[in-house]
Amino acid sequence: MKKQRKIIVGNWKMYPETSERAKEIFAAISRGVRGIKKTEVVICPPSVYLPIFKKSKSKIFSLGAQNVFWEMAGAYTGEVSTKMLSEFGAKFVIVGHSERRRLGETDEAVSKKVSAVIRAGLKAIICIGESERDVNGAYFEFLKNQIKNSLSGLRPADLQKIIIAYEPIWTIGKSYNDAMKPSDIHEMSLYIKKLLSDMYSKEIAFKVPVIYGGSAEVENAFSIMSEGQVDGLLVGHKSLVPEDFIKIVKAADVA
Ligand code: PEP
C-alpha cells in the first residue's frame with residue numbers, strides 16, 4: 001500500500017500578537033521547509049491573518065482555520081462561515097480543539113461544524129482527547145463517545161475529508177518530557193482506527209489519518225511518528241518557533 005504523506009499541522013492559537021510578526025514567522029517557515037517532499041504542512045493562524053498568506057503558492061503549505069460556525073450566514077455575532085474562510089485560502093479547519101471544548105463547545109456543535117466543513121469542500125481536523133487517565137481505563141469509553149458523537153451525521157465517503165487529531169489534554173502546552181510515550185500513542189491510534197473500522201469499515205478507517213498532539217517538540221517528533229506510528233502531528237507552541245517547527249517538519253519527512 002502507498003505510504004500516506006505525513007501531515008504536520010501548526011496551531012498558532014491566538015498568537016503572534018502582530019501581523020508583522022506573523023509574516024516573519026510564515027516567511028521563515030516557508031524558507032526552511034523548501035525541498036520537503038513527503039510531508040504536508042498546514043498552518044492555522046488566527047483567521048484574521050489568513051488573507052496575508054493566501055497568496056503563498058507553496059505546494060508544501062496549506063492554510064487552515066482554528067474554528068468555524070456551521071451556518072452559512074445570519075445573525076450570529078462573532079462567527080465566521082466556511083465560505084468566508086475558504087475565500088481567504090483555508091483548506092482545513094481545526095474543529096473541537098480542547099481549548100474550545102473548555103469554553104463550552106459540545107460534541108453536538110463539533111458534529112455540526114464537521115459536517116459544514118465537509119459540505120464546503122474543506123477538510124476537518126477533528127480534535128479528541130481525554131482530560132485525564134484513570135487506572136480503570138474509563139478514558140477508552142470517553143474517547144469512543146467523543147468520536148461517535150463528533151462524527152455523527154457523516155457518510156462513509158465523508159471520511160476522506162477528515163483527520164483525527166488525538167490530543168490527550170493533560171499533555172498539551174508542556175514540554176517533550178510530558179508528552180505521551182510513543183508506545184502509548186501507537187496503542188491509541190490503533191484504538192481510534194478500530195473504532196472507525198467498527199463504525200464504518202476497515203478499508204475506510206485505515207485511510208483516515210490519525211495525528212498526535214500534545215507537547216510535540218524537536219526532541220520527540222521523530223519517535224512519536226516512527227514508533228508511535230501516527231500520520232503526523234498537531235503542533236501548538238512550537239509551531240511559532242520557526243527553527244523548531246522546520247526541524248519537526250523535516251523529522252516527518254524521514255519518519
Ligand atoms: C495544541 O494546541 O493542539 C497543542 C498540541 O499544543 P502544544 O503543542 O503546545 O502542546
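Everything below is about the structure shown above.
Residues numbered from 1 in each chain as written. Predicted model: local features only at pLDDT ≥ 70, side-chain atom pairs only at ≥ 80, totals over all residues. Heavy atoms only, no water.

Concerning the site of the ligand
Phase 1 of the analysis: The local shell around the ligand holds 13 residues, among which Lys13, Glu167, Gly173, Gly236 and His237 are the closest.
Phase 2 of the analysis: Glu167 is positioned such that a nitrogen or oxygen atom in its side chain is 2.6 Å from an oxygen atom of the ligand.
Phase 3 of the analysis: One of the backbone nitrogen or oxygen atoms of Gly173 is found 2.6 Å away from an oxygen atom of the ligand.
Phase 4 of the analysis: Its free accessible area being 290 Å², the ligand has 99% of it covered by the protein chains.
Phase 5 of the analysis: Of the residues belonging to the shell around the ligand, the class tally is three nonpolar, eight polar and two charged. (Near = heavy atom within 4 Å. Polar contact = N/O pair within 3.5 Å; in protein donor to acceptor, adjacent residues only side chain to side chain. Areas by Shrake-Rupley, 256 points an atom, 1.4 Å probe, with all protein chains shown as cover. Nonpolar A, V, L, I, M, F, W, Y, C, P; charged D, E, K, R; others polar.)

Describing the sheet that holds strand S8 (residues 232-235)
Phase 1 of the analysis: What the eight strands build is a closed barrel, ordered S1-S2-S3-S4-S5-S6-S7-S8; its pairing is parallel. With strand direction ignored, the average angle separating the axes of adjacent strands in the sheet is 25°.
Phase 2 of the analysis: As paired strands, strand S1 (residues 6-11) and S8 are joined by four bridges and run parallel to one another. Its bridge partner lying in S8, Gly10 is registered against Val235.
Phase 3 of the analysis: Sheet contacts for helix H1 (residues 19-32): strand S2 (39-44) and strand S3 (61-65); angle to S3, the most-contacted strand, approximately 145°. (Pairing = 2+ DSSP bridges. Helix = DSSP H or I, 4+ residues; strand = E, 2+ residues; numbered from the N terminus. Axes fitted to C-alpha atoms, helices over the stretch in contact; angles between N-to-C directions. Contact = heavy atoms within 4.5 Å.)

Here we look at the layout of surface pockets
Phase 1 of the analysis: Its boundaries defined by the atoms lining it, the largest pocket holds a volume of some 530 Å³.
Phase 2 of the analysis: In terms of lining residues, the largest pocket is bounded by 21 residues, among which Lys13, Met14, Gln66, Asn67 and Arg100 are the most central.
Phase 3 of the analysis: Taken together, the residues of the lining of the largest pocket break down into eleven nonpolar, six polar and four charged. (1 Å grid on protein atoms, 1.4 Å probe; cavity = no way out; pocket = protein on both sides within 12 Å on 5 of 7 lines; lining within 4 Å. Points joined across faces, edges and corners; volume = space filled by probe spheres on them.)

A short note on the environment of Ser58
Phase 1 of the analysis: Mapped onto the elements of the fold, Ser58 is located in the loop between helix H2 (50-53) and S3.
Phase 2 of the analysis: Of the residues examined, Ser58 reaches a relative accessible area of 29% and is grouped as partly exposed.
Phase 3 of the analysis: Along the primary structure Ser58 and Ala205 are separated by 147 residues, whereas in three dimensions their C-alpha atoms are 29 Å apart. (Buried < 20%, exposed > 50% of the residue type's maximum accessible area, 1.4 Å probe, protein only.)

Let's talk about the side chain of Ser215
Phase 1 of the analysis: Relative to the elements of secondary structure, Ser215 occurs in the loop between strand S7 (210-213) and helix H9 (218-226).
Phase 2 of the analysis: Residue Ser215 is classed as buried on the basis of its relative accessible area of 5%.
Phase 3 of the analysis: Sequence-distant contacts of Ser215, that is, excluding residues within four places in its chain, are made with Thr171, Ile172, Gly173, Lys174, Ser175, Tyr176, Ala179, Asn220 and His237.

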